[in-house]
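Tertiary structure, described
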Amino acid sequence: SILYIEEPKYQVESLNHTAIFLIDDFNQGDSAPDFKDYEVGLGRKFQSLKLWMTLRSYGLEGIRNVIRNHVNLAKKFEQRIIEDDSFELICDRAFSLVCFSIKGVDNQDTYEYCAAINRARKFHIVPGELGGRTMVRVVPGYQYAKESHIGDLFDHLKEMVQPYLRK
């Protein structure tokens, strides 16, 4: 999206969150804009603002419903992983985080599996490590996620795992 501001200095002054010890001649000049000053920062300074806006948008009950939905979807996804012979859980589900790996496959193959899924651009997953074991981390974090999305994800994971099972 495009943001046009007639006088950007006012927005930069209000959103600037450069620490005092980082201010020098280079980042005070007008040679190039620092785009971090054109948006609300993601750091500590604005955490309460982000929380307030989220509460204002969803309401307390709305946030509870989104979280419950994510946890329920994670439970269903976890159950599908447990029931499938290709995968194994690495640890117990935590909240809406499900960590699993391909049965009988080494760490490098698991990383390659994650990369292949991300290259397909249908879903985004994140690899991780626990106790020296590489795993796939899945969190249903989309606010409008449905059970059909989890089914599509599992079907895609199952389709993409076939070359790694044959090794």
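About the cut-offs
Along every chain, residues carry numbers that run from 1 in the direction the sequence is written. The predicted origin of the model limits local features to residues at a pLDDT of at least 70 and limits the giving and counting of side-chain atom pairs to 80 or more, whereas totals for whole chains, interfaces and linings rest on all residues. The basis for every side-chain value is the complete set of non-hydrogen atoms in the structure, without hydrogens or water. Helix and strand assignments come from DSSP, with helices taken as H or I runs of at least 4 residues and strands as E runs of at least 2, each series counted from the N terminus. Only heavy atoms enter the contact rule, under which two residues are in contact if any of them lie within 4.5 Å. The salt bridge criterion pairs a side-chain nitrogen of Lys or Arg with a carboxyl oxygen of Asp or Glu, the two atoms within 4 Å. Relative accessibility decides the category of a residue: with a 1.4 Å probe and only protein chains considered, values under 20% of the type maximum give buried, values over 50% give exposed, and everything between is partly exposed.

Let us look at the side chain of Ser 86. With respect to the helices and strands, Ser 86 occurs in the loop between helix 2 (47-83) and strand 1 (87-89). Not counting residues up to four positions away in its chain, the partners in contact with Ser 86 are Ser 101, Ile 102, Lys 103, Lys 158, Val 161 and Leu 165.

In the structure shown here, the tally under the stated rule is seven salt bridges. Ionic pairing is found between Glu 78 and Arg 93, a salt bridge with its closest N-O pair at 3.2 Å. Residue Glu 78 is found in helix 2, and its partner Arg 93 is found in the loop between strand 1 and strand 2 (98-102); the two are separated by 15 residues along the sequence. You can call Glu 78 buried: its relative accessible area is 15%. Measuring nitrogen to oxygen at the nearest pair gives 3.0 Å for the salt bridge that ties Lys 158 to Asp 84. Of this pair, Lys 158 sits in helix 4 (residues 147-165) while Asp 84 is found in the loop between helix 2 and strand 1, placing the two residues 74 residues apart along the sequence. Residue classification places Lys 158 among the partly exposed residues on the basis of a relative accessible area of 24%.

These results come straight from atomic positions and should not be treated as a statement about function.
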